[in-house]
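Architecture and fold: a report
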Amino acid sequence: MIGEAKVGNEDLNLCFEKLMMVAAGNSEGVKMNSVGITEWKDIPVELLLRIVSLLDDQTAIVASSVCSGWRDAICLGLTQLCLSWCRKNMNNLVLSLAPKFTRLQTLILRQENPQLEDNAVESISKFCHDLQDLDLSKSFKLSDRSLYALARGCPNLKKLNISGCTSFSDEALAYLTNFCRKLKILNLCGCVKAATDHALQAIGRNCNMLQSLNLGWCDNVGDLGVMSLAYGCHDLRCLDLCGCVRITDDSVIALANECLHLRSLGLYYCRNITDRAMYSLAHSRVKNKGSMWESSMKGRYEDDGLKSLNISQCTALTPSAVQALCDTFPALHTCSGRHSLVMSGCLNLTSVHCACAVQAHRTFNTIFHTAH
Amino acid sequence: MSEVDMAVIKPEMMKSYIWLQTADGSIQQVEQEVAMFCPMICHEVIQKGMGSSKNYAISLPQRVNPAMLSLILDYCRFHQVPGRSNKERKSFDEKFIRMDTKRLCELTSAADSLQLKPLVDLTSRALARIIEGKSPEEIREIFHLPDDLTEEEKLEPLKNTTDDPRIRLLNRLYAKKRKELKERQKLKNIEVEEERVDDRSVDDLLSFINGDNGDSKGIKNSKSKKKNRRRKDQQKTTSANEAIKNHNKEPNGLNQVCHSAEVGQKVRAGVGATSNLHDVEDNIFDNKNELDDGDIDDEIDPALKEKIDREVEDFARRLNSDWPERMQEILSFGHERKPVHFSLNGNGSLRRYANSEQR
């Protein structure tokens, strides 16, 4: 059968030559030189992979179907792939590629319009066990089946983005965290059904290496969840609670006391936050400066502690509390160059300045632009 | 005498040379500063003390033949001079890299074996530029690679990634020709198994037309009429040909705004930008889906089949010869127009059929 196919190939190649678009500039047939390499397949695999890494994702996929040598090299060597350029056929593409590219570590499947379905994610979790970074954002069509599949198949996940996947439930997410314990970065922005206190409790129990969590617009999140998170994930560095309207001071106090490496906190629209939260943050910093002295001795003074804080629309705050916070964390800036303390909509906080802003004000005596 | 002494004396007095031997046995001497630009040679000289005389010539790796060596030494000779500006170096690189693909491959391999990283980067990037945007057949042709993947394997990911309409057409023509050959052989042998192989390949084709995955079960689900196998073959051939004919329309459809807009975009994309390629690619998939759904009631007779075959050949010939001119025409037409989505209804397909009849 194969012999016949090969004969057919020769015949086809000849009549196909006529139809070929591209004249490669080489004459037909394989030339043999007397010395040195004559064929591409003598090039080592690393070199081929280096060249493939310079290609865009689509060409890399095409390259994997050129010949068996390339296919094997690429299937063994390809670790990163992004399919976001695919507008209509992403699901089929994933289904056909997952069995081939089993060494994938990073897979970006962010979609412009939702195409991905559960069978594609199941295929990924069946074949790509090395996966560490998966971006499934805006996959509206996915159901809990996908999360269960990922839990079973991709235990090495460190970075997972399921923002915008509104169909996931908190049971499935909790199940996932039980298996994917190495999670460091988790994006649940907009996952209203999935990000509940129950799920957060599971995260706090299981994902102790978590460093970054985005709970934007998950309005089912309450104090219980965030406190469980704080008690469980001491390494938390970035937490975004924008739009989590049920949060109160207790959450922030827990975070202040438990997550000493917190660098970025988003409390946009958390109307229940009062000065208590601000003072607790400042206080914990002062309290722990002694114990953290050794670690911060190596770095600059600004290296630890809050670097970015968003308290826009937290209208219950007063200037004295926020100023105290700003003074405690030198990395928080209100100056236009390094603006990291965002207070939009807090009209009573216009007098809060960071240290460099005050200096600039004094030195140049210009009108200072308030944070907007 | 040590190499260090040599380096000290060098500027004023004698030029020192390093002896190199390539895999074919020929030995040559090269100025020291030029040869030492290569880390591998540098290592040999310093760590092992080789290269100081003809008898102790450094044996270069097998991948470095004399021609490549001279190229590499040209590169080193230029770049090892410290006083050159970045602009000079860049323009030298651009001129240097202009050679046919085969030599480029050899050069990449040779530079890699000598660990000359800047040259490896330069040649790798040049090779990547060559590979980008090409179909597998073209890549095989350029680099003389064996065609040893089964048809299924080849077609698998291509289903969903091909963006250039020419590539897709070529793929289909290729598959169609193969099928024809096999059928001719089949007539001689009357083997049932071959038919199955045929089906699978055409299945793959049509599954991509349908937008399903490459599963033959998927095909069966989407097709409603399954009579005897021969009829199925003919149906599928027709569907493939219909799809090809649809493509046939597009470069010809200069008077059809939507078609030309699509092709214009495609061609523009082929020239440079790849971002709207995929837009267009998927719109073509859209077309195929609708076309195929209207296909179900097709009855084929040999005369029509002949006509279709002739049209395909015609198109292929025309595409081959007229493409540059057409590109100019189309580019002037299809400027900045959004591709139009064809709605899924009987009218759409019928209209398509009407067009084909007009032809």
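Note that the coordinates shown come from a computational prediction; the quantities given were computed from them, not determined experimentally.

**A short note on the overall build of chain B**
Within chain B, the regular secondary structure consists of 17 helices and three strands. Put simply, chain B has 359 residues, and 52% of those count as buried. Considering only contacts in chain B between residues 6 or more positions apart, those separated by 24 or more positions represent 65%. With an accessible surface of roughly 17100 Å², chain B has 51% of that area assigned to carbon and sulfur atoms.

**Quick word on the packing of aromatic side chains**
Residue and element names in this part refer to chain B. Counting across every chain of the model gives nine aromatic pairs over all chains. Note on Y75 and F92: the rings are 6.4 Å apart at their centroids and 45° apart in plane angle, and the pair reads as tilted. Here the residue Y75 occupies a position in helix α4 (residues 66-79), and F92 occupies one in helix α5 (residues 86-96), the gap between them amounting to 17 residues. Centroid distance F78 to F92: 4.0 Å. Interplanar angle 5°. Geometry classified as stacked. Of this pair, F78 sits in helix α4 while F92 sits in helix α5, and the two are 14 residues apart along the sequence. With a relative accessible area of 16%, F78 lands in the buried category.

**Details of α4 of chain B**
All names here are of chain B. Here α4 is 14 residues long and its end C-alpha atoms lie 20 Å apart, about the 20 Å a rise of 1.5 Å per residue gives. Among the residues of α4, M68, L69, L71, I72, L73, Y75, C76, F78 and H79 are the ones counted as buried. The secondary structure elements touched by the buried residues of α4 are β1 (17-21), β2 (27-31), α2 (32-35), α5, α6 (101-113) and α7 (117-131).

**Here's the deal with the side chain of S340 of chain A**
Take S340 of chain A: it is sitting in the loop between α14 (319-328) and β10 (341-342). Ignoring anything within four residues of it in the chain, the contact list for S340 of chain A reads K307, S308, L309, A331, L332 and H333 of chain A.

**Things to note about α5 of chain B**
All names here are of chain B. Buried within α5 are the following residues: R89, D93 and F96. An end-on view of α5 places all buried positions within 65° of arc, on one side of the element. Across α5 from its buried face, at more than 90 degrees, point the exposed residues K87, K90 and K95. In this fold, the buried residues of α5 make contact with α4, α6 and α7.

**Thoughts on the sheet that holds strand β2 (residues 106-108) of chain A**
Hydrogen bonds along the backbone pair up the strands of a sheet, which may run parallel or antiparallel. All names here are of chain A. With parallel pairing, the 10 strands of this open sheet are ordered in space as β1-β2-β3-β4-β5-β6-β7-β8-β9-β10. Since the sheet does not close on itself, it has two edges, and those belong to β1 (80-82) and β10, each with one partner. Both strand β6 (residues 212-214) and strand β7 (residues 238-240) contribute to a ladder of three bridges, which runs parallel. Within the sheet, the bridge partner assigned to S212 lies in β7 and is C238.

**Here we look at the pairing of β2 of chain B**
Residues and elements named next belong to chain B. In terms of strand pairing, β1 meets β2 through five bridges, oriented antiparallel. Along β2, the bridge assignment pairs I18 with V30. Between β1 and β2, which pair antiparallel in sequence order, lie five residues; one of them, G25, sits at a positive phi of approximately 100°.

**With respect to the packing of helix α2 (residues 45-53) of chain A against α7 of chain B**
In contact at an axis separation of 8 Å, α2 of chain A and α7 of chain B are set at 60° when each is read in the N-to-C sense. Considering the relative orientation of α2 of chain A and α7 of chain B, their crossing is right-handed. In this structure, α2 of chain A uses L47, R50 and I51 of chain A to contact α7 of chain B, whose residues at the interface are V120, D121, S124, L127, A128 and I131 of chain B. Here the residues of the contact of α2 of chain A with α7 of chain B are counted per class, giving six nonpolar, one polar and two charged.

**Some details on the environment of L142 of chain A**
Residues and elements named next belong to chain A. Mapped onto the secondary structure, L142 falls in the loop between β3 (133-135) and α7 (144-153). With 25 residues separating them in the primary sequence, L142 and S167 have C-alpha atoms 6.6 Å apart. Setting aside residues no more than four positions away along its own chain, L142 makes contact with L116, E117, D118, V121, L136, S167 and F168.

**A word on unusual backbone geometry**
Negative phi is the rule for most residues except glycine; trans is the rule for most peptide bonds. Residue and element names in this part refer to chain A. Unlike most non-glycine residues, W217 shows phi in positive territory, near 65°. Relative to the elements of secondary structure, W217 occurs in the loop between β6 and α10 (223-232). If you check the backbone angles, Q313 has positive phi at about 70° while not being a glycine. With respect to the helices, strands and loops of the structure, Q313 is situated in the loop between β9 (308-310) and α14.

**Things to note about the pattern of salt bridges**
Overall, the coordinates contain 16 salt bridges over all chains when judged by the stated rule. With a closest N to O distance of 2.7 Å, R50 of chain A and D121 of chain B form a salt bridge. Of this pair, R50 of chain A sits in helix α2 while D121 of chain B sits in helix α7, placing the two residues on different chains. We classify D121 of chain B as partly exposed; its relative accessible area is 22%. Note that R145 of chain A and E122 of chain A form a salt bridge whose closest N and O atoms lie 2.9 Å from each other. One end of the pair, R145 of chain A, is in helix α7; the other, E122 of chain A, is in helix α6 (residues 118-127), with 23 residues separating them in the sequence. Judged by relative accessible area, R145 of chain A falls into the partly exposed class, the value being 45%.

**Some thoughts on the sheet that holds strand β3 (residues 58-59) of chain B**
All names here are of chain B. An order of β2-β1-β3 is seen for the three strands of this open sheet, with the pairing classed as mixed. Unpaired on one side and paired on the other, β2 and β3 mark the two borders of the sheet. Bridging between β1 and β3 involves two bridges; their strand directions are parallel. By the bridge assignment, Q21 is partnered in β3 with S59.

**Describing the confidence of the model for chain B**
It should be kept in mind that the predicted coordinates are not to be read in detail where pLDDT is low. Residue and element names in this part refer to chain B. Here chain B averages 66 in pLDDT, while 46% of its residues score no lower than 70. Confidence, expressed as mean pLDDT per element, reaches its minimum in chain B at helix α15 (residues 277-293) with 41 and its maximum at α7 with 93. Below a pLDDT of 50 lies the segment residues 212-299, which in the model reaches 191 contacts outside its immediate sequence neighbourhood of four places, other chains included. A low-confidence stretch, residues 336-359 (pLDDT under 50), is modelled with 41 contacts involving residues beyond four sequence positions or located in other chains. Scored by ipTM, the complex comes to 0.70, with pTM at 0.63.

Here is what the cut-offs are and how they apply
Residues numbered from 1 in each chain as written. Chains lettered and ligands numbered in written order. Predicted model: local features only at pLDDT ≥ 70, side-chain atom pairs only at ≥ 80, totals over all residues. Heavy atoms only, no water. Helix = DSSP H or I, 4+ residues; strand = E, 2+ residues; numbered from the N terminus. Buried < 20%, exposed > 50% of the residue type's maximum accessible area, 1.4 Å probe, protein only. Contact = heavy atoms within 4.5 Å. Areas by Shrake-Rupley, 256 points an atom, 1.4 Å probe, with all protein chains shown as cover. Phe/Tyr/Trp six-rings, centres within 6.5 Å; stacked < 30°, edge-to-face > 60°. Expected span 1.5 Å × (residues − 1). Arc of directions from axis to C-beta. Pairing = 2+ DSSP bridges. Axes fitted to C-alpha atoms, helices over the stretch in contact; angles between N-to-C directions. Left-handed = near helix turned anticlockwise from the far one by under 90°. Nonpolar A, V, L, I, M, F, W, Y, C, P; charged D, E, K, R; others polar. Salt bridge = Lys/Arg side-chain N within 4 Å of Asp/Glu carboxyl O. pLDDT = per-residue confidence, 0-100.

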